[in-house]
Amino acid sequence: MSALSDLSMPNSKSSSSMADQNAAGLLRITDLELCYQKNAAPVLALPTLAINRGEVVGISGPSGSGKSSLLYLISGLLRPTRGQINWNDTDITKLSEGACDRWRRQSIGFVFQDFHLIDEVSPLENVLIPASFAGWRISADTRQRAHDLLDQVGVPMARKSTSDLSRGEQQRVAIARALLFDPPIILADEPTASLDDAASLVAADTLFSLAGPNRTVITVSHDRDVIDRCKRILKFDKGHLVDDVSRNPAEDA
Amino acid sequence: MNPFPIVMASLRRHWIMNILFVLLIAVAVAIGVGITAQERALRQGSAQAADKFDILIAAPGSHTEIVMNTIFLQHSAVNLLDGQYWASLIDDPRVKIAAPLAFGDSWQDHSIVGSTPQFVDYLSDGLATGHVFENIEQAVIGAAVPLEIGDEFEPVHGQGAEAELEHHHHGVHLEVVGKMNPTGTPWDSAIIVAVEQVWDIHALPTGHDEDDHDHEHDDATEHHDEHEDHDHGETAEHHDEEHEHDHEVMDHIGPPFDADALPGVPALVVRPKSVAAAYTLRSDFRTEHSTAFFPAEVLVEMYRLLGNAGSVMRAMALGSQGLVVAAILAAILALMQLYRKQFAVLRALGAPRSYVFGAIWSYVSILVVIGAIGGLGLGWLVAQSVSAIFTAETGMALQATISRSELSLAGGFILIGLILATVPAFLLYRRPVVEALRNS
Ligand SMILES: Nc1ncnc2c1ncn2[C@@H]1O[C@H](COP(=O)(O)OP(=O)(O)OP(=O)(O)O)[C@@H](O)[C@H]1O
Ligand SMILES: [Mg+2]
């Protein structure tokens, strides 16, 4: 399954230096603070955090501790009240909205708890949705890549209706969708929380197979099995990073 | 950026609601289109019907009533115009054709009008088949009269239900000798005979100075004035005698007439030689005992009333369109709540805000455009069927068409729809992404 990371985007948008493979994967957060209301206690306060390229990071913590907020911040969907978020020396908090959208499209693959596929179109069309954000036409290469991605995640029925897929298959289609532009960063928020144990296992396998020297995977999860497979675990509580452990999951097991 | 995959998915997702939207829009547009198309058809149809009637001369009275009686053959009792007027017009150098229009009889639902061969020829631009009537036992039929050349029929006094009820036969049989070309006017269902025939059947003199034609006729209500001048004798064997009589006069219809012996007629139609002649004729015949006018004047007045009625209906149509737009907008805004999450996800996947805007705007716009085009077709269909019913009822050919005003109506609706489509698009465009993502 590591073949997935070899699927590089044909004619990838090299115009954006931020998406440059060589520099991707290094996240540096400084002095970050997020408050939803003025003068209220921050929902998230993170003096410093660094994540290296190729790391597999699990984020855990009780409900309301700010895990999702962190994902939204580092993907540029949410602007912090204070602080910097640098990916490869680019402070995304300083990007214009349009530039941030473009950067996210090329650099980040998002996986959600509830898949959020479009039932009315085929799995293949679902995987191709991000391609419709940028251009009018979808190239044959991109289409082929979407096909290959579906094969790789184990959902080869490109023409079958999306709503007929099992939940586990739907999450794997969502993962394939996140991979269409071969992003160097994968962000997953509770990717297995809506799946039964067997499907969770397959989805987690698929997700972790994406990791590699050039791809960083960051996943929020309540699922012990998922967290245990991460090389680095960040524990949050009440908006603060309370634990940061790096280990070898193999040793742990 | 190509938001159409999302647009198509949205159209399919709530397809029942979308079909309902389209139907609502179509009906709203169809009402407006139908009204304007129908109104124009009425104008064109009536203008065409009046085309061959340049000047009408009649006894003083309502011009509208005279137009209804003559051009549209919707008969009502009218005063008669003295016979002298026709006599004076026959030799008038300003006149090309001057013909009487004498009505009162019918066969089934078809009016029988007494006139002259020239007028029949003018009205029909030459006959389709056969020839004009040459004596008072012959008749020419309009294109829509279900008779054939050689057929005989029996005129009945009066019109429609009244005629059916009274069933007053004159005891005369007329033969169809010619059929007019279709004119697209109520005259297509008329039967035209020599005016002498109408006079004769009602026991009036025929202007030919031939002895005593004074039969008693107790039922010719419109002709009471004339009746008083004749003696009321020999009631008996009226029918038999009439038959004998026909054979005496059938060899001669039309001028020269003996002016003093010409009975009155309900109206005269005059075709002048020039526009100037039309105006002098009109003023010359506006006397104490006669009125003269261009039917076009009456039509203009009718159009004004029609236009007023049309304006009211159009205002109502506009109101209903406004309601439909408001209802659809409200429904779409409610629907947008369901779409919030989907668009937040797309934004997380890298879609720019403009993609969200474009998708929603296109979605609403497609509903509006399909609905408006459907409404144009529906309105046309409605106007077609209303026109067809109207034509069947009156014989006046109405051709409802889609023209500039209907197109601009639908176009205006589309334009407003496209502008209003920006409202839900903008609202969702502004929506914070994260908030929607959280509300699973
Ligand atoms: N718009 C908002 N206004 C005020 N507070 C908010 C808003 N959105 C989120 N919060 C608060 O921010 C905190 C962090 O929320 P977040 O969703 O990041 O937590 P989480 O760790 O992902 O929780 P969960 O495990 O339940 O998903 C919560 O206490 C939440 O109530
Ligand atoms: Mg969360």
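Predicted model only: the values in this text are computed from it and were never measured. (Residues numbered from 1 in each chain as written. Chains lettered and ligands numbered in written order. Predicted model: local features only at pLDDT ≥ 70, side-chain atom pairs only at ≥ 80, totals over all residues. Heavy atoms only, no water.)

## Focus on the overall build of chain B
Counting its regular elements, chain B contains 15 helices and eleven strands. Of all 440 residues assigned to chain B, the portion counted as buried reaches 52%. Sequence separation of at least 24 residues holds for 78% of the intrachain contacts in chain B that already meet a minimum separation of 6. For chain B, the accessible area works out to roughly 19000 Å², and carbon and sulfur atoms hold 60% of it. (Helix = DSSP H or I, 4+ residues; strand = E, 2+ residues; numbered from the N terminus. Buried < 20%, exposed > 50% of the residue type's maximum accessible area, 1.4 Å probe, protein only. Contact = heavy atoms within 4.5 Å. Areas by Shrake-Rupley, 256 points an atom, 1.4 Å probe, with all protein chains shown as cover.)

## So, the domain arrangement of chain B
All names here are of chain B. Taken as a whole, chain B is organised into domain 1 (4-47 + 301-438) and domain 2 (55-208 + 252-293). Summarising the inter-unit geometry, the C-alpha centres of domain 1 and domain 2 are found 50 Å apart. Each partner contributes residues to the interface: domain 1 has six residues there, and domain 2 has five residues. Taken together, both faces of the contact between domain 1 and domain 2 bury some 530 Å²; the carbon and sulfur share is 69%. Applying the counting criterion to the domain 1 and domain 2 interface returns zero salt bridges. (Domains from an automatic or database assignment. Buried area = accessible area lost by both parts, 1.4 Å probe. Salt bridge = Lys/Arg side-chain N within 4 Å of Asp/Glu carboxyl O.)

## Observations concerning the pattern of salt bridges
All names here are of chain B. Overall, the coordinates contain 24 salt bridges over all chains when judged by the stated rule. The partner of Arg-282 in a salt bridge is Glu-297, and the shortest N-O contact between them spans 3.1 Å. Note that Arg-282 is positioned in helix 10 (residues 275-284) and Glu-297 in helix 11 (residues 295-348), a separation of 15 residues in sequence. Since its relative accessible area comes to 17%, Arg-282 is described here as buried. Since its relative accessible area comes to 33%, Glu-297 is described here as partly exposed. Note that Glu-301 is salt-bridged to Arg-304, the shortest N-O span being 2.9 Å.

## With respect to the packing of aromatic side chains
Residues and elements named next belong to chain B. As enumerated under the stated definition, the model contains 15 aromatic pairs over all chains in all. A ring pair is formed by Phe-426 and Tyr-429, whose centres lie 5.7 Å apart and whose planes are at 20°; its orientation type is stacked. Here the residue Phe-426 and the residue Tyr-429 both occupy positions in helix 14 (residues 422-430), the gap between them amounting to three residues, near one helical turn. Tyr-429 sits in the partly exposed class, given a relative accessible area of 28%. (Phe/Tyr/Trp six-rings, centres within 6.5 Å; stacked < 30°, edge-to-face > 60°.)

## Side note on unusual backbone geometry
Of note in the backbone geometry, Phe115(A) takes a positive phi value of approximately 60° without being a glycine. Within the fold, Phe115(A) resides in the loop between strand 6 (108-111) and helix 4 (123-128). The backbone of Asp125(B) shows a phi angle near 55°, a positive value even though the residue is not glycine. Along the chain, Asp125(B) falls in the loop between helix 5 (117-124) and strand 4 (127-130). The class for Asp125(B) is exposed, based on a relative accessible area of 60%.

## Looking at the UniProt feature "domain: ABC3 transporter permease C-terminal" (unreviewed entry) in chain B
The UniProt record annotates "domain: ABC3 transporter permease C-terminal" (unreviewed entry) at residues 323-430 of chain B. Helix and strand shares over residues 323-430 of chain B are 87% and 0% respectively, and the end C-alpha atoms of the span are 26 Å apart. (UniProt positions renumbered as here; feature names shortened; annotations may be inferred.)

## So, the site of ligand 1
Around ligand 1, the surrounding shell consists of Tyr36(A), Val43(A), Pro62(A), Ser63(A), Gly64(A), Ser65(A), Gly66(A), Lys67(A), Ser68(A), Ser69(A), His222(A) and Arg438(B). Those residues lying near ligand 1 are distributed over chains A and B. In the environment of ligand 1, an oxygen atom lies 3.2 Å from a nitrogen or oxygen atom belonging to the backbone of Ser65(A). The contact in question runs from an oxygen atom of ligand 1 to an N or O atom on the backbone of Gly66(A), over 3.0 Å. Against a free-state accessible area of 630 Å², the protein chains account for coverage of 64% of ligand 1. (Near = heavy atom within 4 Å. Polar contact = N/O pair within 3.5 Å; in protein donor to acceptor, adjacent residues only side chain to side chain.)

## What about the pairing of strand 9 (residues 232-237) of chain A?
Here four bridges tie strand 3 (residues 56-60) of chain A to strand 9 of chain A, and the two strands are oriented parallel to one another. Note on strand 9 of chain A: the bridge partner recorded for Gly58(A) is Ile233(A). (Pairing = 2+ DSSP bridges.)

## As for the interface of chain B and chain A
On the chain A side, the residues contacting the 25 residues of chain B number 24 residues. A combined buried area of about 2400 Å² lies between chain B and chain A, and 61% of that area is made up of carbon and sulfur atoms. Interface area lost by chain B to chain A is led by Leu349(B), Val434(B) and Arg438(B), which between them contribute 24%. Between chain B and chain A we count four salt bridges in total. Salt-bridge contacts for Arg13(B) lead to Glu120(A); the nearest nitrogen and oxygen are separated by 3.1 Å. Taken together, the links from chain B to chain A amount to 13 residue pairs in polar contact (both at pLDDT 80 or more). For the side of chain B that touches chain A, the secondary structure elements donating two or more residues are helix 1 (4-13), helix 11, helix 12 (353-394) and helix 15 (433-438) of chain B. Among the elements that make up the side of chain B that touches chain A, the one with the highest residue count is helix 1 of chain B (six residues). A per-class count over the side of chain B that touches chain A returns 16 nonpolar, three polar and six charged. (Nonpolar A, V, L, I, M, F, W, Y, C, P; charged D, E, K, R; others polar.)

## Description of the environment of Gly168(A)
Residue and element names in this part refer to chain A. With respect to the secondary-structure elements, Gly-168 resides in helix 7 (residues 167-178). With 62 residues separating them along the chain, Gly-168 and Gln-106 place their C-alpha atoms 26 Å apart. Excluding residues that lie within four positions of it along the chain, Gly-168 makes contacts with Leu-195 and Ala-199.

## Brief notes about the UniProt feature "transmembrane region" (unreviewed entry) in chain B
Residues and elements named next belong to chain B. The positions that UniProt labels "transmembrane region" (unreviewed entry) are, in the present scheme, residues 318-339, 360-383 and 407-429. Counted over residues 360-383, helix gives 100% and strand 0%. Its end C-alpha atoms are 34 Å apart. Between the end C-alpha atoms of residues 407-429 the distance is 32 Å, and the span holds 96% helix and 0% strand.

## Points about helix 10 of chain B
Residue and element names in this part refer to chain B. Every buried residue belonging to helix 10 is among Ala-277, Ala-278, Leu-281 and Arg-282, and all of these are buried. Seen from one end, helix 10 has its buried residues packed into an arc of 135°, which puts them on one side. Here the buried face of helix 10 lies against strand 1 (55-58), helix 4 (83-90), strand 2 (95-107), strand 10 (267-272), strand 11 (291-293) and helix 11. (Arc of directions from axis to C-beta.)

## Quick look at a nonpolar patch on the surface
All names here are of chain B. Residues Val-27, Ile-31, Leu-378, Trp-380, Leu-381, Val-382 and Val-386 make up a contiguous nonpolar surface patch of about 550 Å² in total accessible area. Elements with a minimum of two residues in the nonpolar patch: helix 2 (15-50) and helix 12. Here the nonpolar patch takes five residues from helix 12, the largest share from any one element. Counting through the fold element by element, Val-27 comes out in helix 2. (Patch = residues over 30% accessible without salt bridge, like charges linked within 9 Å, V, L, I, M, F, W, Y side chains within 5 Å.)

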